[in-house]
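Coordinate analysis (summary)
Each chain, letter by letter, is given below.
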Amino acid sequence: MACVVVVSPRSPSSRTPPPPSASPTPGRVGLVTAAGVSAGVIAFLVLMTRAGGGPPPFAAAAFALLFEGGLTAAWLLAALGYGVAIAQGLRLGRTAATPALGVAALMFFDAAAGRSGLLTVGGGVVAWATLLPGWAFAVVAFRRWWPERRQTAASIGVPLTVIAPACATLLVAALSAPGWLWESEFGGYDALSYHLTGPRAWIAAGRITGLENNVYTFLPGYVEAAFAHLFALGGNRVEVAVSCQLLHAGMAVLTAVTGARIAMRHVGGVAAGLTAALILGTPWVVVTGSLAYDEMAVALLLAGGLALLLDPDPPAAPRGVAIGVLAAAAVGAKLTAVGFVAAPLAILLLGERRQRFRSVGVAAVAGLLTLSPYLAGNAIQTGNPVFPFAAGWLGAGHWTEEQVERWRDGHRVSAGTHADAGTHTDTDTVADTDADTVTVADTDTDTDTVADTDTDTDTVTVADTDADPVTVADTDPDPDTDPDAAPPPPPRLRLAATELLRYGLGPAPDPAQPWKPHWSILPWLTLLALPLLLIRGPRGLGVRLAIILGAQLIFWIGFTHIKSRFMTPAAVPAALAIAAAAGTVTRSAGGARAAGLLALAYACVPAWLLASEKDHAPAAAIGAIPFMHGVIGRHADTLPARWINHDLASNDRVLLVGDAAVFYYDPARIVYHTTWDRGPLSAALDRHPDDPAAWMRMLRAEGFTHVLIDPVMLHIWGNAGWRDPRLDPGMLLSAMSTEATVVARTPSGVTLYRLPDR
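Residues numbered from 1 in each chain as written. Predicted model: local features only at pLDDT ≥ 70, side-chain atom pairs only at ≥ 80, totals over all residues. Heavy atoms only, no water.

1. Quick look at the overall build of the protein chain
Looking only at helices and strands, the protein chain has 31 helices and seven strands in total. Considering only residue pairs separated by 6 or more positions, the protein chain has 77% of its internal contacts joining residues 24 or more positions apart. Of the accessible surface of the protein chain, which amounts to about 27,000 Å², a share of 64% is contributed by carbon and sulfur atoms. (Helix = DSSP H or I, 4+ residues; strand = E, 2+ residues; numbered from the N terminus. Contact = heavy atoms within 4.5 Å. Areas by Shrake-Rupley, 256 points an atom, 1.4 Å probe, with all protein chains shown as cover.)

This is how it looks when you write it as structure tokens:
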């Protein structure tokens, strides 16, 4: 992946860089530079050969980089240009926050323009036109930077080369078709259900708006607005999903570069290389960064805010404005950034002696303005600016009281924090209309707002309408209704230690669940480094990093479901703390080379983990979007996307029950809803609760010809208490086996039924 650094024009307020002794020279880092470039190339080549026995997908990767990567590059270049202009306009000097400011600004524009319908005006002409000023600013900045290129290359040589293996891993993973990687994220289920599905629906509708069948589209969605911009640029093709993944990956690289620039300025070159490697070499960063998620926007904006707080030169008010924009944009990207970004930055602002109340005041105003597209849009549509939160106080919009209560229960702090010390087996009888016993696999596909780490093994008997047994896996992470199904949840601190300090290390709490070292050893290194930094390092830096990490931990443990990847933004202050502590004890040329090589080794960890994915064939899905869309390929006829998109008649219409991961389905042929929302079947059950034939006639009258049922997902949603309790999989399968006709069934039990004509 291209690692781009844009340096803002020289400003009178710019601080001078650290003394030369603190920065590595080309002679001192030549070995590390050569090793880094070589390791990155080798990692890319090796990973590309892991394609399940087929030829390495070099041609598919090149094609995707040329077309889909071009859209990503266009967006990122414009964002960097806007960042240069904003930093110059606010007199922030050569701040490391430049990329973060540009990303925040362009995401804000995308959210505002998307809600007003501007993104789709002219069939994408306006979407392209909005990038032109950013490109112009970037070109001007590049021309001013060019005379200093040698000095810049020497100073950032280590940071950019030691992360080469991680960049290669990130690139291979981000080029893969969504839904393929990663096991710990169940193929990126959240991306297929709303991170990508929402933006495509918005572009089709002509504007960003909350969709009543997908409650997640009512969240701020600033990263999803950026994805919508890419879909507008690319003609709303499913292939643009790769552009979205590359955009998120680009944000991950910019986060590492921003962290390196902070370390370079305040500690020195050794710390800069370590910081970049520790951020991008942490597997959670690569896992989330290669998916169309939003964590890396949060991490980048946090890094930008920290860069501004550590720089004493900019005037208080302009710096407060910039920090307010960054904090609010992070909340716009992901609501949990309230605790991971906004609260820590506010604490640090309040702790300053220089005009702190003025800084906080202007930051608050700038933050509210930055969030105004989200708040105003929700208020207009639902009467509640933060819907679906606070629905009981501010308004429930289109939701019923029962939905409000389910959402409230599902998002309580205590919800979803169960963690078994082992496994136990119980039997749930759902429905059985013949003599066959079907073992149903139950895999957790939670959205990123709920964590559950508890697992048990259930044997579930479901309706089987033919003579063939259907066997699928069962790793239900949710407690069952059986009285012996789930032990009491462990203490929150013990669960936090499991999810952070030993995640993926040692024996798995439940062998049936993914258990990989996605934190690597970063938390342990942080525990060792932070005291050393506070004692021997730059005191201002150590205290600020300790405050950020402490605030994040308190929020994560006290106000979330304590899911491991929720803490991903902490990789930034943790990496800086470790690197700064190492910089205080590593000053010789030999020590610099040793630190660089260790950083390089750390950056190779994600490549090792990626190589173990998908039966050691992680690159098999590069260029595989046509297969995932049901078009071509061996076994494509077993995919529901094939049935819906290509096998049914053009006038057929399918109601999905239990399937919300709909990115690959033709949106004109389906109607779906998330677990929290009510669909046409719930409305039919309102009128005909005990008469399946009647509610099937009602669905027919509404134009539905088929119903697709995913009993596994309904079982998961039911155990978690998230779905309409009447959508019981046993009842539905029993009714369908009596009244409807089986058209197709996957090995996992997902079944397509044709409704009776009467």
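2. Re the pairing of strand β3 (residues 654–657)
Here β3 shows no split at all, with V654 and L656 on one side and L655 and V657 on the other all buried. Judged from the two bridges that link them, β3 and strand β4 (residues 670–671) form a sheet pairing that is parallel. Bridge pairing in β4 places V654 opposite I670. In this structure, β3 lies alongside strand β5 (residues 706–709), joined through four bridges in parallel fashion. Looking across to β5, one finds that V654 is bridged to H706. (Buried < 20%, exposed > 50% of the residue type's maximum accessible area, 1.4 Å probe, protein only. Pairing = 2+ DSSP bridges.)

3. Concerning the packing of aromatic side chains
Applying the stated criterion to the full structure yields 17 aromatic pairs. Arranged with centres 4.5 Å apart and planes meeting at 40 degrees, the rings of F63 and F67 form a pair that is tilted. Separated by four residues within a single helix, F63 and F67 lie in helix α2 (residues 58–89), roughly one turn from each other. Measuring from ring centre to ring centre gives 4.5 Å for Y194 and Y216, while their planes differ by 20 degrees; the resulting arrangement is stacked. Linking Y194 in helix α8 (residues 189–195) with Y216 in the loop between α9 (197–205) and α10 (222–233), this pair joins segments that are 22 residues apart in sequence. (Phe/Tyr/Trp six-rings, centres within 6.5 Å; stacked < 30°, edge-to-face > 60°.)

4. Here's the deal with unusual backbone geometry
Note the cis peptide between L181 and W182, where omega equals 0 degrees. Its place among the elements puts W182 in the loop between α7 (164–174) and α8. F387 connects to P388 through a cis peptide bond whose omega is 10 degrees. Positive phi is not limited to glycine here, since K614 has a value of about 50 degrees. Among the secondary structure elements, K614 is positioned in the loop between α25 (605–611) and α26 (625–628). The exposure class assigned to K614 is partly exposed, which follows from its relative accessible area of 35%.

5. Focus: the packing of α7 against helix α11 (residues 240–266)
The N-to-C vectors of α7 and α11 enclose an angle of 160 degrees; their axes lie 9 Å apart at closest approach. The angle between α7 and α11 places the two elements in the roughly antiparallel class. The crossing of α7 and α11 is right-handed. Contacts between α7 and α11 pair C167, L170, L171, A173 and A174 from the former with V242, Q245, L246, A249, A252 and V253 from the latter. For the contact of α7 with α11, the residue count by class is ten nonpolar, one polar and no charged. (Axes fitted to C-alpha atoms, helices over the stretch in contact; angles between N-to-C directions. Parallel < 35°, antiparallel > 145°, perpendicular 65-115°, else oblique. Left-handed = near helix turned anticlockwise from the far one by under 90°. Nonpolar A, V, L, I, M, F, W, Y, C, P; charged D, E, K, R; others polar.)

6. Considering the environment of L501
As for its placement among the helices and strands, L501 is situated in the loop between α20 (492–500) and α21 (522–536). Taking the C-alpha atoms as reference points, L501 and P517, 16 residues apart in sequence, are found 9.8 Å from one another. Non-local contacts of L501, meaning those with residues more than four positions away in its chain, are made with A496, P523, W524 and L527.

7. Details of the sheet that holds strand β7 (residues 751–754)
Ordered in space as β4-β3-β5-β7-β6, the five strands form an open sheet in which the pairing is mixed. The sheet is open, and its two borders are formed by β4 and β6 (741–745), each paired with just one other strand. Of the strand pairs in this sheet, β6 and β7 are connected by four bridges, and their pairing is antiparallel. The residue bridging T741 from the neighbouring strand is R754, located in β7. Against the sheet, helix α27 (residues 640–647) contacts β3, β4, β5, β6 and β7, and its axis sits at roughly 165 degrees relative to β5.

8. Quick look at a nonpolar patch on the surface
On the surface, I347, L534, I535, V543 and I547 cluster together into a nonpolar patch covering about 400 Å² of accessible area. Those elements that provide at least two residues to the nonpolar patch are α21 and α22 (539–559). Tracing the sequence through the fold places I547 in helix α22. Residue classification places I547 among the partly exposed positions, given a relative accessible area of 31%. (Patch = residues over 30% accessible without salt bridge, like charges linked within 9 Å, V, L, I, M, F, W, Y side chains within 5 Å. Salt bridge = Lys/Arg side-chain N within 4 Å of Asp/Glu carboxyl O.)

9. Considerations on the pattern of salt bridges
Per the counting criterion, the structure on display carries 20 salt bridges. Linking D190 and R565 is a salt bridge whose minimum nitrogen-to-oxygen distance equals 3.0 Å. In this pair, D190 sits in helix α8 while R565 sits in the loop between α22 and α23 (571–585), placing the two residues 375 residues apart along the sequence. The residues D190 and R565 share a single accessibility class, namely buried. The partner of E405 in a salt bridge is R408, with the nearest N and O atoms 2.4 Å apart. Here R408 and E405 lie together in helix α19 (residues 401–410), a separation of three residues that amounts to about one turn. According to the relative accessible area criterion, R408 is partly exposed, its value standing at 31%. In this structure, a network of salt bridges that share partners links the residues E185, D190, D294, E295, K334 and R565.

10. A short note on the packing of α2 against α10
Two elements in contact, α2 and α10, have axes whose closest approach is 10 Å; the angle formed by their N-to-C orientations is 125 degrees. Viewed along their axes, α2 and α10 adopt a mutual orientation that is oblique. In the crossing of α2 with α10, the sense of the turn from one axis to the other is right-handed. On the side of α2, the interface is formed by L71, T72 and W75, while α10 contributes A226, H229, L230 and L233. A class-by-class count of the residues in the contact of α2 with α10 yields five nonpolar, two polar and no charged.

11. A short note on helix α12 (residues 269–280)
With twelve residues, α12 ought to run about 16 Å at 1.5 Å a step, and its terminal C-alpha atoms sit 17 Å apart, in line with that. Of all the residues in α12, the buried ones are G269, V270, A271, A272, G273, L274, T275, A276, A277, L278, I279 and L280. (Expected span 1.5 Å × (residues − 1).)

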